[in-house]
Amino acid sequence: MIKQRKLMQGNEACVFGALYAGLNFFAGYPITPSTEIAETLARKLPAIGGNFIQMEDEIASIAACIGASLAGAKAMTATSGPGFSLMQENIGYAIMTEIPCVVVNVQRLGPSTGGPTAPAQGDVMQARWGTHGDHEMVVLTPAGVEEVFTLTVKAFNIAETLRTPVILLMDEVIAHLREGASPPEAGELLVVARKEPKESPAEYLPFKPQDDLVPVPASFGTGYRYHVTGLYHDEAGFPTGNPEKIDRLVRRLKHKIILHQEKFLFYEEYLTNDADIILISYGASARSAKAAVNDARAVGISVGLLRLITLWPFPSTAVSRICANASVVITAEMNLGQIYAEVCRVLDSAQRTLSVTHVDGTLIAPQKILAAIKEAAK
Amino acid sequence: MFKKEIRFSGSGGQGIILAAVILADAAVQAGFYAVQTQSYGPEARGGASKAEVIFSDQPVDYPKVSTPDIFLALSAEAYAKYCHDLKHNGIIVLEETLLTPHCAADTLKFPVFATARKTGKEITANMVLLGILSSLLIDFLPKALLEQAINERVPSGTTEINLLAFNYGYALS
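Because the structure is predicted, anything quoted here is derived from the model rather than measured.

*Asks:* Describe the packing of helix 4 (residues 125–136) of chain B against helix 6 (residues 159–172) of chain B, listing the residues and the values that go with them.
*Replies:* The relative placement of two packed helices is expressed as an angle between their axes plus a distance between the axes. Residues and elements named next belong to chain B. For the pair helix 4 and helix 6, interaxial distance at closest approach is 6 Å and the crossing angle is 45 degrees. Between helix 4 and helix 6, the angle falls in the class oblique. Viewed along their axes, helix 4 and helix 6 form a crossing whose handedness is right-handed. Two secondary-structure elements touch here, helix 4 through Met127, Val128, Leu130, Gly131, Ile132, Ser134 and Ser135 and helix 6 through Asn162, Ala165, Phe166, Gly169, Tyr170 and Leu172.

*Asks:* An account of the interface of chain A and chain B is requested, with residue identities and associated values reported.
*Replies:* Facing the 22 residues of chain A at the interface are 23 residues of chain B. Across the interface of chain A and chain B, roughly 1800 Å² is buried in total on both sides, 52% from carbon and sulfur atoms. In terms of surface lost to chain B, no three residues of chain A exceed A:Arg5, A:Leu7 and A:Arg178, which account for 36% of the buried area on that side. For the interface between chain A and chain B, the tally reads zero salt bridges. Across the contact surface, chain A and chain B share nine residue pairs in polar contact (both at pLDDT 80 or more). Of all elements in the fold, only strand 1 (6–9), strand 6 (115–119), helix 7 (172–176), strand 9 (178–181) and helix 9 (283–298) of chain A reach the threshold of two or more residues within the side of chain A that touches chain B. The leading source of residues in the side of chain A that touches chain B is helix 9 of chain A, at five residues. Residue classes in the side of chain A that touches chain B are distributed as nine nonpolar, six polar and seven charged. Two strands pair when backbone bridges link them, and strand 9 of chain A and strand 2 (residues 33–39) of chain B are joined in this way by two bridges, in the antiparallel orientation. The residue bridging A:Arg178 from the neighbouring strand is B:Gln36, located in strand 2 of chain B.

*Asks:* Any chance you could break down the sheet that holds strand 12 (residues 303–308) of chain A for me, citing the residues and the numbers?
*Replies:* All names here are of chain A. Spatially, 10-12-11-14-15 is the arrangement adopted by the five strands of the open sheet, whose pairing is mixed. A strand with exactly one partner marks an edge of an open sheet, and here the two such strands are strand 10 (267–270) and strand 15 (352–357). Pairwise comparison of adjacent strand axes, ignoring direction, gives a mean angle of 20 degrees for this sheet. Bridging between strand 14 (residues 328–333) and strand 15 involves six bridges; their strand directions are parallel.

*Asks:* Go over helix 9 of chain A with me, naming the residues and quoting the values.
*Replies:* Every α-helix winds through 3.6 residues per turn, so residues three or four apart in the chain are directed the same way. Residue and element names in this part refer to chain A. Under the 1.5 Å per step criterion, the end-to-end length of helix 9 is 24 Å for 16 residues, consistent within 8% with the ideal 22 Å. Those residues of helix 9 not exposed but buried are Gly283, Ala284, Ser285, Ala286, Arg287, Ser288, Ala289, Ala291, Ala292, Val293 and Ala296. Two residues or fewer after helix 9 comes Gly300, characterised by a positive phi angle close to 85 degrees.

*Asks:* Explain the nonpolar core to me, using residue names and the numbers behind them.
*Replies:* Judged by nonpolar contacts, the single largest core of 71 residues is most densely connected at A:Ile37, A:Met76, A:Val104, A:Met170, A:Leu279, A:Ile330 and A:Ile373. The element contributing the most residues to this core is helix 6 (residues 145–162) of chain A, with 10 residues. Counting the residues that make up this core, at least three belong to each of domain 1 (6–181) and domain 3 (268–377) of chain A. If we skip the residues at most four places from it in the chain, A:Ile330 touches A:Ile277, A:Ile278, A:Leu279, A:Ile280, A:Leu354, A:Val356, A:Ala372, A:Ile373 and A:Ala376. B:Ala19, B:Ala27, B:Val93 and B:Ile132 belong to the second largest nonpolar core, which has 43 residues in total.

*Asks:* Describe the side chain of B:Asp69, with residues and values.
*Replies:* If you trace the backbone, B:Asp69 turns up in the loop between strand 3 (48–56) and strand 4 (70–73). Beyond its immediate stretch of four places on either side in the chain, B:Asp69 contacts B:Lys3, B:Lys4, B:Glu5, B:Lys87, B:Gly90 and B:Ile91.

*Asks:* A description of the pattern of salt bridges should follow, citing residues and the corresponding values.
*Replies:* Residue and element names in this part refer to chain A. Taken as a whole, this structure holds 21 salt bridges over all chains when the rule is applied. Residue Glu98 pairs with Lys256 through a salt bridge whose shortest N-O separation is 2.9 Å. Of the two residues, Glu98 sits in the loop between helix 4 (81–97) and strand 5 (101–109) while Lys256 sits in helix 8 (residues 243–260), which places them 158 residues apart along the sequence. Given the relative accessible area of 0%, Glu98 is considered buried. A residue is classified by how much of its surface remains accessible, and Lys256, at 1% relative accessible area, is buried.

*Asks:* Lay out the sheet that holds strand 1 of chain A in plain terms, naming residues and giving numbers.
*Replies:* The strand order across the open sheet formed by eight strands is 1(A)-9(A)-2(B)-3(B)-1(B)-4(B)-5(B)-6(B), and the pairing between neighbours is mixed. The strands lining the two open edges of the sheet, one partner per strand, are strand 1 of chain A together with strand 6 (106–110) of chain B. Averaged over all adjacent pairs, the angle separating strand axes in this sheet is 20 degrees, with direction ignored. Summarising the sheet, strand 2 of chain B and strand 3 of chain B pair through seven bridges and their orientation is antiparallel. From the neighbouring strand, B:Gln36 faces strand 3 of chain B, where its bridge partner is B:Val53.

*Asks:* How would you explain empty space enclosed by the protein if you had to name every residue and give the values?
*Replies:* In this approach, a probe sized like a water molecule rolls over the atoms, and the result shows the empty space that is left. All names here are of chain A. As enumerated under the stated definition, the model contains one cavity of 30 Å³ or more in all. Along the walls of the largest cavity sit Lys74, Ala75, Pro100, Cys101, Val102, Phe156, Ala159 and Glu160, which together make up its complete lining. Secondary-structure elements contributing two or more residues to the lining of the largest cavity are strand 5 and helix 6.

*Asks:* Kindly report on the environment of A:Arg43, identifying the contributing residues and their values.
*Replies:* Inspection of the secondary structure puts A:Arg43 in helix 2 (residues 35–47). Expressed as a C-alpha distance, the spacing of A:Arg43 and A:Leu109, which sit 66 residues apart in the sequence, is 29 Å.

*Asks:* Please set out helix 6 of chain B residue by residue, giving values where relevant.
*Replies:* Residue and element names in this part refer to chain B. With 14 residues, helix 6 ought to run about 20 Å at 1.5 Å a step, and its terminal C-alpha atoms sit 20 Å apart, in line with that. Every buried residue of helix 6 is accounted for by Thr159, Asn162, Ala165, Phe166 and Gly169. On an axial view of helix 6, the arc spanned by its buried residues comes to 135 degrees, and they lie on one face. Structural note: helix 6 exposes Glu160 and Ala171 on the side pointing more than 90 degrees away from its buried face.

Parameters and conventions
- Within each chain, residues carry numbers counting from 1 in the order of the written sequence.
- Working convention: letters from A go to chains and numbers from 1 go to ligands, in the order in which they are written.
- For this predicted model, a pLDDT threshold of at least 70 governs which residues receive local features, and a threshold of 80 or more governs which side-chain atom pairs are given and counted, while totals over whole chains, interfaces and linings are taken from all residues.
- Side-chain figures throughout are based on the complete set of non-hydrogen atoms in the structure, without hydrogens or water.
- Convention adopted: a line fitted to C-alpha atoms gives each axis, helices being fitted over their contacting stretch, and angles between N-to-C directions are expressed from 0 to 180 degrees.
- Secondary structure elements are taken from DSSP: a helix is a run of H or I of four residues or more, a strand is a run of E of two residues or more, and numbering for both begins at the N terminus.
- For this classification, under 35 degrees means roughly parallel, over 145 means roughly antiparallel, 65 to 115 means roughly perpendicular, and everything else is oblique.
- For any helix crossing, the convention is left-handed if the near helix is rotated counterclockwise from the far helix by under a right angle, and right-handed if that rotation is clockwise.
- We call two residues in contact when some of their heavy atoms are within 4.5 Å.
- Put simply, buried area is the surface a 1.4 Å probe can reach on two separate parts but cannot reach once they are joined, added for both.
- Between Lys or Arg on one side and Asp or Glu on the other, a salt bridge is scored when a side-chain nitrogen of the former is within 4 Å of a carboxyl oxygen of the latter.
- In protein, a polar contact means a hydrogen-donor-capable atom and an acceptor-capable atom, both N or O and within 3.5 Å, with residues adjacent in sequence counting only if both atoms are side-chain atoms; elsewhere, any N or O pair within 3.5 Å suffices.
- Put simply, Ala, Val, Leu, Ile, Met, Phe, Trp, Tyr, Cys and Pro go in the nonpolar bin, Asp, Glu, Lys and Arg in the charged bin, and everything else, Gly too, in the polar bin.
- Here, any two strands with at least 2 DSSP bridges between them count as paired.
- Expected helix span is computed as 1.5 Å times (number of residues minus one).
- Accessible area is worked out with a 1.4 Å probe on protein chains only. A residue is then buried under 20% of its type maximum, exposed over 50%, and partly exposed in between.
- We call a set of buried residues a nonpolar core when its members are Ala, Val, Leu, Ile, Met, Phe, Trp, Tyr or Cys and they connect through side-chain atoms within 4.5 Å of each other.
- These domain boundaries are the output of an automatic or database domain assignment.
- Using protein atoms alone on a 1 Å grid, points that fit a 1.4 Å probe yet trap it form a cavity, whereas open point sets bounded by protein on both sides within 12 Å along at least five of seven lines form a pocket; residues with an atom within 4 Å of a point count as lining.
- Grid points are joined across faces, edges and corners, and a volume is the space filled by probe spheres set on the points.
- This arc describes the spread of directions from the helix axis toward the C-beta atoms.

Structure, rendered in structure tokens:
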């Protein structure tokens, strides 16, 4: 049977994906262009016995999510640039304390208040490095409404599996876009449940890593008592000044993500097999890039598209493999070259690269990318 | 390939985004690939805004309207800002009281606001506009699907008046 498609908005799809993944707690401070996520959850969550709280600001919002998650909830918050900036310290806290949560950042044009309704992809590096200290970050970016749904589910699964915050990085176009979508049925997608410790409370060590390098901090209220701190801590959760333990913790927090990254380095190739020119793009820009590839193919230019879905950890191996035989690699994005710099870092320094940037508050048009492809084909 | 590009424009608060959402909803129900986008400023009301719909028998990559088949305007400011790149043989639909310079393409002027006032509420002008559009798209999009989408998308308690305005608009062209 062909599944019925429904007109759905990107922000709505995020809500439905989150509920599918078991979301039962949302705290947020509504901000354009993410507002519909809070608005929809304010209606949906109480109806299923979940909690929706509008907080006083974004610092409190993510703090509430971290607390709820520590008590066993599947928690999410949603914001845009200005709020995402405020959340950075606590994102680091969630990394350090290994508390899973999903943070949705619907990017708008910055810096500062910038353009509330203007599309941009300027938070790519902020999503990676916004919080201080050495750390890895998992950042996923969708290019269509149905993909918003599935990536939201995956974001929750990765957060649970690795006990770390995961960023769903949308842009205004995808968040506000409405298109026909057929979201997965119940049971069609994997949903990872919160792990529970097997040891008794007496022998339990909350931050002792398992074989997969991930510990199993128990949910508060289930009989396990332990200390949670953003300070360097030992496996019992208490602050430590022991250099060896500190070193082990900082390295493990990074390595637990690297160890599992092959499972969530998502990307999509379009006509790349025989392509002489490779175009790299992501999010809404990738839709314009795909249109540009079709237009370029129509005039006989051999070009293909590599659409990045996971931005961080950066899929370095895939990028260098897919671009290996390309005469030119073009990166098209709605910022001043944030992923372009990363592409250059992983490619052979002799390879020719081009950067197509766009920061005027509109969606980058296929014609602009097509012009770069034609330039590259000369 | 079949593809129609529709651009609604007006002043923030006139409901042009809702009109576009209803059109896209009906197009999806009719089996088309449809996308709907909008562009508006930070203000809650006022300012020129646009809402766009593309429906096609093929998936739509670039979701913004490049060359409208039909351009509709409810304010002179929006007309000035967004009436560009019309297709050859493209159609312009305007509220007749707008003071706008002559446009080269076929321009259809209708008493959108006056018709809306016949329902008792001028705010239904967006549905009058949608009714006019429905008659222009009747070869591709059944009227009943638009009525069904109105039924599902307008605030509860306002279905009747919105359908009335839609049908008044449909009868205009």
